[in-house]
Amino acid sequence: MAEDTVNRVIKEKGFKDVGPCVTRHLPLIGSENFKPGYRGLRSKTKEPLHRRDVAEHLVRAYGWRALDISCGVFAAGYPFIEEEVEYCCGEYCRSVKDMLSLRMRLAYINSEAAKEAATAYMNEFGGPVPDKSGAKLRSATLSSGALGVAELDADGSGYLDMREVGQAASRLGFPFANSKEPSELTASFELMDSTKSGRITEPEFVEWWNGKGDSFHKQLHDSLKAPLHAPWPRERTYELVLAALRAGFRGIDTACQPKHYDEAAVGAALETSGLRRADLYVQTKYTPLAGQDPDRLPYDAAAEVEEQVKQSVAASLRNLRTDYLDCLLLHSPLPSHEQTLRAWRQMEAHVAAGEARALGLSNQYDAAALERLCEEASVKPSVVQNRFVEEHGRHDVAVRAVCERHGVRYQAFWALTGNRRILQGRAVREVAKAHGASAEQVWLSFVQALGITPLSGTTDPNHMAQDLALPALSAAEVERLQHLIG
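Since the model is a prediction, treat every value here as computed from it, not as a measurement. (Residues numbered from 1 in each chain as written. Predicted model: local features only at pLDDT ≥ 70, side-chain atom pairs only at ≥ 80, totals over all residues. Heavy atoms only, no water.)

A. Seen up close, the overall build of the protein. When its secondary structure is counted, the protein shows 23 helices and eight strands. Going through the 486 residues of the protein one by one, you find that 49% of them count as buried. Once local pairs closer than 6 in sequence are excluded, the contacts in the protein between residues at least 24 apart make up 67%. Just so you have it, the protein exposes about 23,500 Å², and 52% of that area is on carbon and sulfur atoms. (Helix = DSSP H or I, 4+ residues; strand = E, 2+ residues; numbered from the N terminus. Buried < 20%, exposed > 50% of the residue type's maximum accessible area, 1.4 Å probe, protein only. Contact = heavy atoms within 4.5 Å. Areas by Shrake-Rupley, 256 points an atom, 1.4 Å probe, with all protein chains shown as cover.)

B. Highlighting the environment of Met-99. Within the element layout of this structure, Met-99 appears in helix H5 (residues 96–103). We classify Met-99 as buried; its relative accessible area is 2%. Counting along the chain gives 15 residues from Met-99 to Glu-84, while the straight-line C-alpha distance between them is 9.1 Å.

C. How the structure looks around the environment of Asp-262. Topologically, Asp-262 is positioned in the loop between strand E2 (251–253) and helix H14 (263–273). A relative accessible area of 22% means that Asp-262 is categorised as partly exposed. The sequence separation of Asp-262 and Thr-237 amounts to 25 residues, and the corresponding C-alpha distance is 6.5 Å. In contact with Asp-262, not counting residues within four places along its chain, are Arg-234 and Thr-237. There is a polar contact of 3.1 Å between the side chain of Asp-262 and the backbone nitrogen of Ala-265. (Polar contact = N/O pair within 3.5 Å; in protein donor to acceptor, adjacent residues only side chain to side chain.)

D. Spotlight on the packing of helix H20 (residues 426–435) against helix H23 (residues 475–482). As a packed pair, H20 and H23 sit with axes 10 Å apart at the nearest point and diverge in direction by 160 degrees. One finds that H20 runs roughly antiparallel with respect to H23. For H20 against H23, the interelement crossing comes out left-handed. Mapping the contact onto sequence places Arg-426, Ala-427, Val-428, Glu-430, Val-431 and His-435 in H20 and Glu-477, Arg-480 and Leu-481 in H23. Here the contact of H20 with H23 is composed, by residue class, of four nonpolar, one polar and four charged. (Axes fitted to C-alpha atoms, helices over the stretch in contact; angles between N-to-C directions. Parallel < 35°, antiparallel > 145°, perpendicular 65-115°, else oblique. Left-handed = near helix turned anticlockwise from the far one by under 90°. Nonpolar A, V, L, I, M, F, W, Y, C, P; charged D, E, K, R; others polar.)

E. Structural detail: the nonpolar core. In this structure, Leu-270, Leu-370, Phe-388, Tyr-410, Trp-443, Phe-446 and Leu-481 are the most contacted members of the largest nonpolar core, which totals 60 residues. By residue number, the principal contributor to this core is helix H21 (residues 439–449), which donates six residues. In contact with Leu-370, other than residues within four places in its own chain, are Leu-361, Gln-364, Val-384, Val-399, Val-402 and Cys-403. Membership of the second largest hydrophobic core comes to nine residues, among which are Ala-230, Tyr-281, Cys-327 and Leu-455. (Core = buried A, V, L, I, M, F, W, Y, C linked by side-chain atoms within 4.5 Å.)

F. Representation of the pattern of salt bridges within the structure. Within the structure shown, the criterion is met by 17 salt bridges. We note a salt bridge from Arg-276 to Asp-279, for which the minimum N-O separation is 3.2 Å. (Salt bridge = Lys/Arg side-chain N within 4 Å of Asp/Glu carboxyl O.)

Here is the structure:
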C-alpha cells in the first residue's frame, strides 16, 4: 500500500527528482540474516513450536523475532498465539481491534472467532496488557465489528452514509466494483439500511459486517451476479480474455493447471486491458496432482499437499500479476476427506495472509461430502463450481440444496453445452421468441434467476456481448423452465 500510494502521488503530481518508492527493499525488523523456512527457528527456540502452521505464521510475520514468542493458542483453528499480543504491544499495536483486524486479520476471516478470542483473552488476563515500555494494549469490544463506527464516521454525524461505507470497504481491502448498475455499493447499502433513512446506525453496520456468521469478503462475493468468462482453448487465452473484458466481462475464471489453462496469458491480458484491479473479479484453482500433466507441474510433486497448495498459489499470484485472488478454489476433492481437509487448511492460511479473499471448491458432486466440509472448515466455502447438466442428479439438485443452506454461491459450467436438448425444446424457444432473444440468452437468464453464476466459454465476441445482455424473465417464465430441470 505504501508503494502504491507513494508512486501514485509522484505520478499525479509530476515530481521529477524523486521516486520510485523504496519500501520494497527496506529490511523489516526481524530480517537480520533471515532465511525463509521455519526449521532453523524450531531448532533455536526454547519452547519448540509443535504445529507447522503456527511456526510458519510466526516466521512469516516476525522473522527471527519469532524467537521471542512462545506458544499458547490465541484462536482455535488458526495459527495465532497468545504471546503475539504482548509482543506486538512493543511494535506499536494499541488495541484489541488493531490486533485482530490489522495484525492477525482474524476479524476479516471469521468475525465470530475474533469476538471469542477477544473475550477469552480479556477473561484470562483480566485487562489490558503492558508492554516493555509501559504502554498498554487497550481493550475494545468487537461487538461493533472489526472497525468501530466512530473510526469510519468521517463527518462525525454518528452514522455512516453510503460514501463512508464505500471508503470503509476500500480501507479493509475489499473495495466495491463501480462498473455495475446498480452498483455493489448501492445494493449492499440498501441491505444494511433497514430503516431506509439513507444512513447506517451502529447496530445495522454490525449486523451486516458479521453477516449472521459470514465474513465480509463473502458478503461482497455473493453480490457477484454477472457471468464469468472462462477462456478456452488454452492457446487463445490472451486474445479471448481481452475480448471478454472489452465486451464488458469483469470476472475471469482460470486455474493453475498448465495442462488446460494459461494463467500467465490471463495476467498479461488483465494488465493490457488497463482496467483497475479493484474492478475485476479473478478466481483460480489449486489442481491436485491427479489433474496435472506430470511434465508441466506448477509445484513439487513429491511435496506434501500443504506445500503443493502454497507453491500453486505463489505461481498463480505471479502468473496473474496480482497480490491477491478474489477466490481460490480446490479444483477437485482429493481421494480422502482427510487429504481434502489438509489442502483446505492450507488454503485458509492464504486467506489469513491476505492472498485470497474467499475459498471455493470445484467438481464436488457428493452433497454429503460438501456438507461435511462446510461444517468443519474454519473459512467456509463461498463458491461451488460444478457442471450444470442433467447427468449430475437433475442438474446437481442435491449439491445446490447444500449450497443454498450454507449460503454458498453455485457456479455453473457447461450451462449451455451440457443442455443442448433443453435449449432446442419448445419451452425455451417460446420464451426466447417472446423476448426477441436467443435460446442461449434465455437459458443463462434462467440460470441466474436461480441464484447461479454461469460461466461463459464462448470465443465469439458477439456472443460475449449477448451473454451480458440477458432478458429479464417473469416469475411465470422461470417457473415454467424450472420444470425442465426437476
